[in-house]
Amino acid sequence: MSVRARKILSVVGTRPNFMKMAPIVAELDRRPDDFESVLVHTGQHYDPIMSEVFFEQLGIGAPDHMLDVGSGSHAQQTARVMERLEPVLLEEQPDMVLVPGDVNSTLAAALVASKLQIPVGHVEAGLRSFDRTMPEEINRLVADRISDLLFIHSPEARDHLLAEGTPEAAIHYVGNTMIDTLVAMSERLAELRAARSLGLEPGGYALVTLHRPALVDGPLLGEALEALEALSRELPIVFPAHPRTRKAMAALGLEPESERFQLLEPLGYLDFLSLLGDAAAVITDSGGIQEEATYLGVPAFTLRDNTERPVTVTMGTNTLLGLRPGLLADVPRMIAEVRRREALVPPLWDGAAAGRIVDVLKVQLASAEKGKKGQATF
Ligand code: UD1
């Protein structure tokens, strides 16, 4: 008996969402007898360099629906995604909605789908910083609570979800889809040599990314730039700056002066990962980069008070500096220390996570159709 193809609608909105969903979309497309994939881009990130370039490089193809929500306050952005996604879901009638990560688009899409009683799968579920001043923490908590399938990539995520009352059967340890993308691109990355094209010696510079409100929307930004400028005397710095950070710097009239401090526009996926792979260290407040650095074995120094990705500290190459830019002076010594420790890649960060997710989708959707309680978790 032939079974109809299930329609899986994936919602992406920001730069880090794209590399988390690309391998899943590709895997769904590889199984056309079982699945039909529909991709929605909310347009939370809209600059070509924050969005289009990723679609091109990751080979996802153009989204089927573009919601063009753009920037705004959290309420505005979330509300706009909700208003514009609802008619798309009503038209498409998907069997499941997939949402990645922890951004406003993730939260909004999970809310709309669950209220239309469409099962929701959350990719990168169960991460917790336990810091509710971070908008992402609220987004994670709500998205997880209302999702039917929780795809996790980190051992402690299971504990967090169980402690919050999520049924064990809904949790699936599948590995890390962002690492799938990295593995799939590794040959192209090896050929790129982005460092050399910027006049940098592989292994002889620090890569910097800073964009979180706690760091860039207040006085710490000036302190961080000063500390980086001082560090650049020892270790050249390359800093592709997020638009939020650029705007904050322009407003304060901040511009690095040293020739050894290159401030760049945001980079595409391939150039950025090539630079990361060849860096002596990365200094960041991003979530995903802590993971990519751990996979690549590059020491990461995270300018945050907490991380929702503690496995990168306990197993990997990540060091939490806190919101203390003054500690950057010590980075050269700390690099040597991290290099002496044994760093490991967490389990199932192996390039095959998307395949596992799609296997789970197949079993769960078939069980849900048959109405077999105890098999399907929704
Ligand atoms: C968002 C996510 C954050 C994620 C980050 C990755 C939320 C709450 N935050 O933060 O978790 O780590 O994406 O980059 O969802 N802007 C542009 N062009 C763009 C996008 C943004 O100029 O293409 C500027 C706008 O001024 C905008 C600001 O950046 O107001 C912030 O963008 P927004 O999407 O609200 O949040 P991010 O800081 O990018």
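Our structure is the block above this text.
All values reported here derive from a predicted model rather than from experimental measurement.

(A) Inspection of the site of the ligand at higher detail. The environment of the ligand is formed by 19 residues, the closest being H45, E136, H211, R244 and K247. One nitrogen or oxygen atom from the main chain of D47 is found 2.9 Å from an oxygen atom belonging to the ligand. A distance of 2.7 Å separates an oxygen atom of the ligand from a polar side-chain atom of R244. Applying the majority rule of atoms within 2 Å of the grid points places the ligand in the largest pocket. Contributions of two or more residues to the shell around the ligand are made by α3 (74-92) and α12 (243-252). Looking at the shell around the ligand element by element, the count peaks at 3 residues for α12. Here the residues of the shell around the ligand are counted per class, giving 5 nonpolar, 9 polar and 5 charged.

(B) Spotlight on the sheet that holds strand β9 (residues 237-240). Taken together, the 6 strands give an open sheet; going across it, the order is β10-β9-β8-β11-β12-β13, and neighbouring strands pair in parallel fashion. In this open sheet, the two edge strands, each paired with only one partner strand, are β10 (261-264) and β13 (318-320). Strand-to-strand twist of the sheet, defined as the mean angle between neighbouring strand axes without regard to direction, takes the value 20°. Note that β9 and β10 share 4 bridges and pair parallel. The residue of β10 that forms the bridge with F239 is L263.

(C) Broad picture of the nonpolar core. Judged by nonpolar contacts, the single largest core of 55 residues is most densely connected at I24, L58, F151, Y269, L275 and L361. For this core, the leading source of residues is helix α1 (residues 15-29), giving 7 residues. Residue contacts for I24: discarding those within four places in its chain leaves L98, V123, T177, A354, I357 and V358. In terms of nonpolar packing, the next biggest core, distinct from the first, is built from 31 residues, A281, I283, L321 and I335 among them.

(D) Layout of the pattern of salt bridges. Applying the stated criterion to the full structure yields 26 salt bridges. Two residues, E201 and R196, come together in a salt bridge whose shortest N-O distance is 3.4 Å. Taken together, the shared-partner salt bridges in this structure form one network comprising K20, D102, E124, E137, R140, E291, R304, E308 and R309.

(E) Quick peek at helix α17 (residues 353-370). Between its terminal C-alpha atoms α17 stretches 26 Å, which fits the 26 Å expected from 18 residues at 1.5 Å a residue. Taken together, the buried positions of α17 are A353, A354, G355, I357, V358, V360, L361, Q364, L365 and S367. Looking one or two places after α17, you find G371, whose phi comes out positive at around 70°.

(F) Focus on the sheet that holds strand β6 (residues 149-152). As summarised here, the arrangement of the 7 strands in space is β3-β2-β1-β4-β5-β6-β7, forming an open sheet in which the pairing is parallel. Each edge of the sheet is formed by a strand with only one pairing partner; in this case those strands are β3 (65-66) and β7 (171-173). Of the pairings in the sheet, the one linking strand β5 (residues 120-123) to β6 comprises 3 bridges and is parallel in character. Within β6, the residue paired with G121 across the bridge is L149. Sitting on the sheet, α3 touches β1 (6-12), β2 (35-41), β3 and β4 (96-100), and the angle it makes with β1 is about 165°.

(G) Structural view of the layout of surface pockets. What the largest pocket holds in volume is close to 1100 Å³. In this structure, the largest pocket is lined by 47 residues; those nearest its centre are T14, H45, M50, H211 and H242. Going through the elements one at a time, α1, α3, α5 (135-146), α12, α13 (269-277) and α14 (288-296) are the ones with two or more residues in the lining of the largest pocket. Residue classes in the lining of the largest pocket are distributed as 18 nonpolar, 16 polar and 13 charged. In this structure, the second largest pocket spans a volume of roughly 270 Å³. In terms of lining residues, the second largest pocket is bounded by 18 residues, among which A22, P23, A26, R30 and A184 are the most central. Those elements giving two or more residues to the lining of the second largest pocket turn out to be α1, α7 (177-184) and α17. A total of 6 residues in the lining of the second largest pocket trace back to one element, the largest contributor, which is α1. Tallied by class, the residues present in the lining of the second largest pocket amount to 10 nonpolar, 4 polar and 4 charged.

(H) Here's a closer look at empty space enclosed by the protein. For the structure on display, the rule yields 1 cavity of 30 Å³ or more. Here the largest cavity is characterised by a volume of approximately 60 Å³. Looking at the largest cavity, it is lined by 13 residues, and the ones nearest its centre are V123, E124, H153, N176 and T177. For the lining of the largest cavity, the elements supplying multiple residues, two or more each, are β6 and α7. Looking at side-chain class alone, the lining of the largest cavity contains 6 nonpolar, 4 polar and 3 charged residues.

The rules behind each value
- Residues numbered from 1 in each chain as written.
- Predicted model: local features only at pLDDT ≥ 70, side-chain atom pairs only at ≥ 80, totals over all residues.
- Heavy atoms only, no water.
- Near = heavy atom within 4 Å.
- Polar contact = N/O pair within 3.5 Å; in protein donor to acceptor, adjacent residues only side chain to side chain.
- 1 Å grid on protein atoms, 1.4 Å probe; cavity = no way out; pocket = protein on both sides within 12 Å on 5 of 7 lines; lining within 4 Å.
- Sits in = over half its atoms within 2 Å of the grid points.
- Helix = DSSP H or I, 4+ residues; strand = E, 2+ residues; numbered from the N terminus.
- Nonpolar A, V, L, I, M, F, W, Y, C, P; charged D, E, K, R; others polar.
- Pairing = 2+ DSSP bridges.
- Axes fitted to C-alpha atoms, helices over the stretch in contact; angles between N-to-C directions.
- Core = buried A, V, L, I, M, F, W, Y, C linked by side-chain atoms within 4.5 Å.
- Buried < 20%, exposed > 50% of the residue type's maximum accessible area, 1.4 Å probe, protein only.
- Contact = heavy atoms within 4.5 Å.
- Salt bridge = Lys/Arg side-chain N within 4 Å of Asp/Glu carboxyl O.
- Expected span 1.5 Å × (residues − 1).
- Points joined across faces, edges and corners; volume = space filled by probe spheres on them.

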